[in-house]
Amino acid sequence: MKESNEIFLKKKFRSYYKSGFIDSVPELEKREFGYGVFGKKIIARHLSFSTAKEFNSFLREDTPFFVSYSPAFYEFPDKRPMERKIYLKSDLIYEFDADDLKTDCKQKHDSWKCKECKSKGKGLVEKCPSCGSNTETEEWVCEECLNETKKQSLKLINFLEKDFSFSEGISVNFSGAKGFHIHLRSEEIQNLSAAARIELLDYLTANDLELKKLGFVYSKNKMLCPKESEAFGWSKKVLFSLKELIEKEDAEKISALGNSRTSVIKKFLEKKELILKGMKNGFLFPKPSASEKFWTSLLSALVEKEKLFLDRQTSMDLAKIIRVPDSIHGSTGLQAKSFSMEEFKNFKPLEQGIIFSNNPLRVFIKSTPKFSLKGENFGPFNLEETELPEFAAVYLLARNSAKLV
Ligand SMILES: [Zn+2]
Ligand SMILES: [Zn+2]
């Protein structure tokens, strides 16, 4: 009888924790910790450690499959209920997850199965198209969807730096599975009130944003806009984005976003210089017909394009705990690797997050789409025994998509 996935992985994870020292959480003694086991991300929380050394001993001896810490700082992090911990301040954390973004690649690597009528298919489908029941889904990630989450993360950093001049104390890491975590740890951020955090979130996600309030007002057959020199924040973003579109003369895109025919827009763009001049002077050049509708539609689409997609609930929850950077994600066996901002653009999570060896390992694989790790392609597999490099085998064992033979 071969070892279970759980026992095998625990040994592997322990060897990883014994080979290094995790010191990625500043002021660790004021944080609450939690951990999980095979198949369960959090089974216990309200733990605390007084030093990084003590924390690392815990990782080596108990070797949890998941370990999380609180962005919040407490006087007594291990007390409960929450009120007794006495909240002091909190980092601000944003999570970007491939699950939250609609990408075409999901059609290739995700699949669903209906528990009731047994229908199945490709893609991420939550309700069965035949009978309407809830489906069971199997989700994978690839370079394409992780790249989309990277784009969102970089957009957030751009927002923070350009719109708020927050550039100190930003630290980033791969989540270990489907995306990235951005930790904001500067003094001014940590002391933001709950209300200020919501305000910031509203700004980033363009929640309740009104074009009128930005200065895009339709009056006397003209769409007025803020003057370039006076624009800031969102009005500047929208103006800049619009200017870029017009300068590029991308008639197809403009017509799609503005809900207008391409031929009409092509003709309209012949007056490009006049349009750009108008923008400088505070108005958007009238389109021959349905001008208000056109500009409103185009401007709204630009807001959609520029805004961030953030999960509201998790962004606002001050009591949540989040994966410790550089720890292992127990359902992938990948490292939640932290890296510098300079490295972000070229960071490859499915290569640089790998911590296990190339030694061959025999496994029986249930079913997988084609997947890629460390620049190598694997699969698709369906009920077959094969030899894989250890890092790929661990990935499948942790997902429970394979077992040892
Ligand atoms: Zn069904
Ligand atoms: Zn993908």
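Values in this document were obtained by computation on a predicted structure and should not be read as measured data.

1. A look at the nonpolar core
So, step 1. One finds Tyr94, Ile182, Phe216 and Trp295 to be the most contacted residues of the largest nonpolar core, which totals 101 residues.
So, step 2. Top contributing element to this core by residue count: helix α16 (residues 390-399), with eight residues.
So, step 3. When neighbours within four sequence positions are excluded, Phe216 is seen to be in contact with Leu211, Met223, Leu224, Cys225, Pro226, Ser235, Val238, Leu239, Leu284 and Leu299.

2. Some words on the packing of helix α1 (residues 5-19) against helix α2 (residues 52-62)
So, step 1. At a minimum axis distance of 8 Å, the contact between α1 and α2 shows a crossing angle of 150°. In terms of orientation, α1 and α2 fall into the roughly antiparallel class. Judged by the sense of rotation from one axis to the other, the crossing of α1 with α2 is left-handed. Residues Lys10, Arg14, Tyr17 and Lys18 of α1 touch α2, and the partners they reach there are Leu59, Arg60, Glu61 and Asp62.
So, step 2. Considered class by class, the residues forming the contact of α1 with α2 number two nonpolar, no polar and six charged.

3. Let's talk about the layout of surface pockets
So, step 1. The computed volume of the largest pocket comes to approximately 940 Å³.
So, step 2. Forming the walls of the largest pocket are 37 residues, and the residues nearest its centre are Lys41, Ala177, Lys178, His329 and Ser331.
So, step 3. Each residue belonging to the lining of the largest pocket can be placed in one class, and the counts come to 11 nonpolar, 13 polar and 13 charged.
So, step 4. Lining the lining of the largest pocket are residues from two domains, each supplying at least three of them: domain 1 (5-98 + 151-200 + 312-355) and domain 4 (357-405).
So, step 5. What the second largest pocket holds in volume is close to 620 Å³.
So, step 6. Lining the second largest pocket are 18 residues, and of these Asn158, Lys162, Lys237, Phe240 and Glu306 lie nearest its centre.
So, step 7. Listing elements by their share of the lining of the second largest pocket, those giving two or more residues are α4 (143-164), α8 (233-248) and α12 (291-306).
So, step 8. Of the residues that constitute the lining of the second largest pocket, the class distribution is five nonpolar, four polar and nine charged.

4. Focus: the coordination of the zinc ion (ligand 2)
So, step 1. Protein ligation of the zinc ion (ligand 2) involves Cys105 (SG), His109 (NE2), Cys142 (SG) and Cys145 (SG), the donor distances falling in the range 2.1 to 2.3 Å.
So, step 2. Coordination at the zinc ion (ligand 2) is tetrahedral, judged from the four donor atoms that bind it and the angles of 104 to 119° they form at the metal.
So, step 3. Of note, the donors binding the zinc ion (ligand 2) are all from one chain and are spaced C-x3-H-x32-C-x2-C.

5. Some remarks on the sheet that holds strand β8 (residues 120-122)
So, step 1. Pairing is antiparallel across the open sheet formed by three strands, whose spatial order is β8-β7-β9. If you trace the sheet from one side to the other, it starts and ends with β8 and β9 (135-138), each paired once. For this sheet, the mean angle separating the axes of adjacent strands, direction not counted, is 20°.
So, step 2. In this structure, strand β7 (residues 111-114) lies alongside β8, joined through three bridges in antiparallel fashion. Its bridge partner lying in β8, Trp112 is registered against Gly121.

6. What about the coordination of the zinc ion (ligand 1)?
So, step 1. Donor atoms from the polypeptide that bind the zinc ion (ligand 1) are Cys114 (SG), Cys117 (SG), Cys128 (SG) and Cys131 (SG), placed at 2.3 Å.
So, step 2. Positions of the donor residues of the zinc ion (ligand 1), expressed as sequence spacing, correspond to C-x2-C-x10-C-x2-C. Here Cys131 lies in the loop between β8 and β9 and Cys114 lies in strand β7, a separation of 17 residues in the sequence.
So, step 3. Given a relative accessible area of 38%, Cys131 falls into the partly exposed group.

7. Observations concerning the sheet that holds strand β23 (residues 402-404)
So, step 1. Sheet architecture is open: three strands sit in the order β22-β19-β23, paired in antiparallel fashion. In this open sheet, the two edge strands, each paired with only one partner strand, are β22 (381-389) and β23. With strand direction ignored, the average angle separating the axes of adjacent strands in the sheet is 30°.
So, step 2. Along the sheet, α16 contacts β19 (360-368), β22 and β23; its crossing angle with β22, the most-contacted strand, is approximately 140°.

8. Concerning the pattern of salt bridges
So, step 1. Counted by the stated rule, this structure contains 21 salt bridges.
So, step 2. Between Lys30 and Glu27 there is a salt bridge; the shortest N-O distance is 3.2 Å.
So, step 3. The partly exposed category is assigned to Glu27, whose relative accessible area is 34%.
So, step 4. Overlapping salt bridges, with partners in common, bring together Glu27, Lys30 and Lys89 in one network.

9. Regarding a nonpolar patch on the surface
So, step 1. Where nonpolar side chains cluster on the molecular surface, the patch consists of Phe76, Ile86 and Leu88 and spans about 240 Å² of accessible area.
So, step 2. As for its placement among the helices and strands, Phe76 is situated in the loop between β4 (72-74) and β5 (87-90).

Here is what the cut-offs are and how they apply
Residues numbered from 1 in each chain as written. Chains lettered and ligands numbered in written order. Predicted model: local features only at pLDDT ≥ 70, side-chain atom pairs only at ≥ 80, totals over all residues. Heavy atoms only, no water. Core = buried A, V, L, I, M, F, W, Y, C linked by side-chain atoms within 4.5 Å. Buried < 20%, exposed > 50% of the residue type's maximum accessible area, 1.4 Å probe, protein only. Helix = DSSP H or I, 4+ residues; strand = E, 2+ residues; numbered from the N terminus. Contact = heavy atoms within 4.5 Å. Axes fitted to C-alpha atoms, helices over the stretch in contact; angles between N-to-C directions. Parallel < 35°, antiparallel > 145°, perpendicular 65-115°, else oblique. Left-handed = near helix turned anticlockwise from the far one by under 90°. Nonpolar A, V, L, I, M, F, W, Y, C, P; charged D, E, K, R; others polar. 1 Å grid on protein atoms, 1.4 Å probe; cavity = no way out; pocket = protein on both sides within 12 Å on 5 of 7 lines; lining within 4 Å. Points joined across faces, edges and corners; volume = space filled by probe spheres on them. Domains from an automatic or database assignment. Donors = N, O, S within 2.8 Å, 3.2 Å for Na, K, Ca; no water. Tetrahedral: all angles 85-135°; square planar, octahedral: opposite > 155°, others 65-115°. Pairing = 2+ DSSP bridges. Salt bridge = Lys/Arg side-chain N within 4 Å of Asp/Glu carboxyl O. Patch = residues over 30% accessible without salt bridge, like charges linked within 9 Å, V, L, I, M, F, W, Y side chains within 5 Å. Areas by Shrake-Rupley, 256 points an atom, 1.4 Å probe, with all protein chains shown as cover.

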